[in-house]
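Here's the letter readout for the chains.
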Amino acid sequence: MLKKLFRKKSAADLRPLHADLAPSCETSVATDRQALPDLPSGQTLDSEPVHLDTSSLAHRHTWHKRLAGNALTRGFGSLFKHNPKLDETLLEELETLLITADVGIQATTELLGDLRQRMLKREFADSTALRMRLRTDLLAILKPIEHPLQPEPGQPFVILVVGVNGVGKTTTIGKLSHRFSTEGRQVMLAAGDTFRAAAVEQIQAWGKHNKVPVIAQDQGADAAGVIYDALQSAQARKADILIADTAGRLHTQAGLMDELAKIRRVLGKLDTNAPHEVLMVIDGTTGQNAINQVRQFNAMIGITGLTITKLDGTAKGGVVFALAREFGLPVRYIGLGEASTDLRRFDAEAFVEGLLPMDSHTDLGS
Ligand SMILES: Nc1nc2c(ncn2[C@@H]2O[C@H](COP(=O)(O)OP(=O)(O)OP(=O)(O)O)[C@@H](O)[C@H]2O)c(=O)[nH]1
Ligand SMILES: [Mg+2]
């Protein structure tokens, strides 16, 4: 498994990089076709309700299994199992669940406000009716952030992947290169994490696995220089997509944050529109701290899309709603496992169905 091969350094091990752009960067292109590594397999709730498209729910049902360990999935299941009665207790327990699952105060207040108002108007015959309305309200929060990434043809579409340490950036790049290659696009990778030990080898292993070239230099090289070279090479080869990895960094590390601005600047010298996507990866287990992370990265480099990983584990899951309410940034993908096929295009309906299935018999709460 890749994760065992590449040990992480702690955040304290990170040091700022100030190296200038190397005038002539020697690149190595990993096009090896040998044996593959052993990879692991803005609207409010008052507006018109957004209806769940039940016709295509069958194939989305698989999401429920992947989201089974999630605090929200388990909490919803347990709540509606143990509180079949439509009363204030149900609402109070729902409120506690939403807050503790990191849905955030704003979204929780909106959700509870709508449900309470409707309950007072006697719109719900039973708790199942309330459950159905809750699904609609959850979807109303997520639908506006469902904007799939659609790389335009005609030039290398540059995706710069950023985020704090260990969130799943490189793994997401591996999964993305698998996805885009499978779609028949010519993909190249840039080993822009020149900081962490073994980071270059990690992305090269993904490149080898997916049979895509990786532009890399040795550890310690200037990250902006590597990514600049990679775009030059992608332009020369007329690649469709270039995905650039970057070192994990904390927003408090001014030097490393400046490096992101430098990467943007040097890319702009080759293509004024590059990077076309600044994809921030968020670890779904992070909780409310994700809000701070996005705020700081957005201020520094301008985020155009999010990927939320590790939602297959014991993440609280609610952070997707909190991020939707706080920023309204598109969620492009979610990570539901470690294998190259475990990256799903964000589908608001499938996500809501995964958390709170229409059929209560599939509830997973205890
Ligand atoms: N369960 C699960 N694990 C994931 C997912 N995405 C990534 N991981 C795991 O998270 C760990 C860190 O992944 P990396 O891709 O190395 O993270 P990174 O952000 O590149 O880390 P740094 O380069 O050190 O900042 C690895 O063990 C991955 O296998 C996911 O969606 N689900
Ligand atoms: Mg990495």
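In this report, the structure presented in the accompanying data block is examined. (Residues numbered from 1 in each chain as written. Chains lettered and ligands numbered in written order. Predicted model: local features only at pLDDT ≥ 70, side-chain atom pairs only at ≥ 80, totals over all residues.)

What follows concerns the overall build of the protein chain. Helix and strand content of the protein chain: 14 helices and nine strands. Within the protein chain, buried positions represent 49% of all 366 residues. (Helix = DSSP H or I, 4+ residues; strand = E, 2+ residues; numbered from the N terminus. Buried ≥ 20, exposed ≤ 12 C-beta atoms within 10 Å, placed from the backbone.)

Bringing the environment of Gly207 into the picture now. You can see Gly207 is positioned in helix α9 (residues 199–210). Residue class for Gly207 comes out buried when judged on the 25 C-beta atoms lying within 10 Å of it. In sequence terms Gly207 and Leu189 are 18 residues apart; their C-alpha atoms lie 7.2 Å from each other.

To continue, consider the pairing of strand β5 (residues 241–244). Here β5 shows two buried faces, one formed by Ile241 and Ile243 and the other by Leu242 and Ala244. Inspection of the sheet shows strand β3 (residues 187–190) paired to β5 by four bridges, in the parallel sense. Paired with Val187 across the two strands is Ile241, which belongs to β5. (Pairing = 2+ DSSP bridges.)

Turning next to unusual backbone geometry. Put simply, Ala274 and Pro275 share a cis peptide bond, and its omega is -5°. Considering the arrangement of structural elements, one finds Pro275 in the loop between α11 (254–270) and β6 (277–283). Positive phi, normally seen in glycine, also occurs at Asp102, with a value near 70°. By the element assignment, Asp102 lies in the loop between α5 (88–100) and α6 (105–120). Even without being glycine, Lys310 reaches a positive phi, approximately 60°.

Attention now goes to the pairing of strand β8 (residues 331–335). Counting buried positions over the five residues of β8 gives five, a clear majority of the element. Relative to β8, strand β7 (residues 305–309) is paired through three bridges, and the arrangement is parallel. The partner of Leu306 across the bridge, within β8, is Val331. Bridge analysis of β8 against strand β9 (residues 343–345) gives three bridges, and the strand direction is antiparallel. Considered in β9, the bridge of Tyr333 is made with Arg345.

Let us look at the nonpolar core. Formed by 102 residues in total, the largest nonpolar core has its most connected members in Leu142, Ile227, Ala230, Leu242, Ile243, Ala244 and Met280. Here Leu142 is in contact with Val320, Ala324, Ala348, Phe351 and Val352, once residues within four sequence places are set aside. (Core = buried A, V, L, I, M, F, W, Y, C linked by C-beta atoms within 7 Å. Contact = placed C-beta atoms within 7 Å.)

Scope: geometric values only; no functional claims are made or implied.
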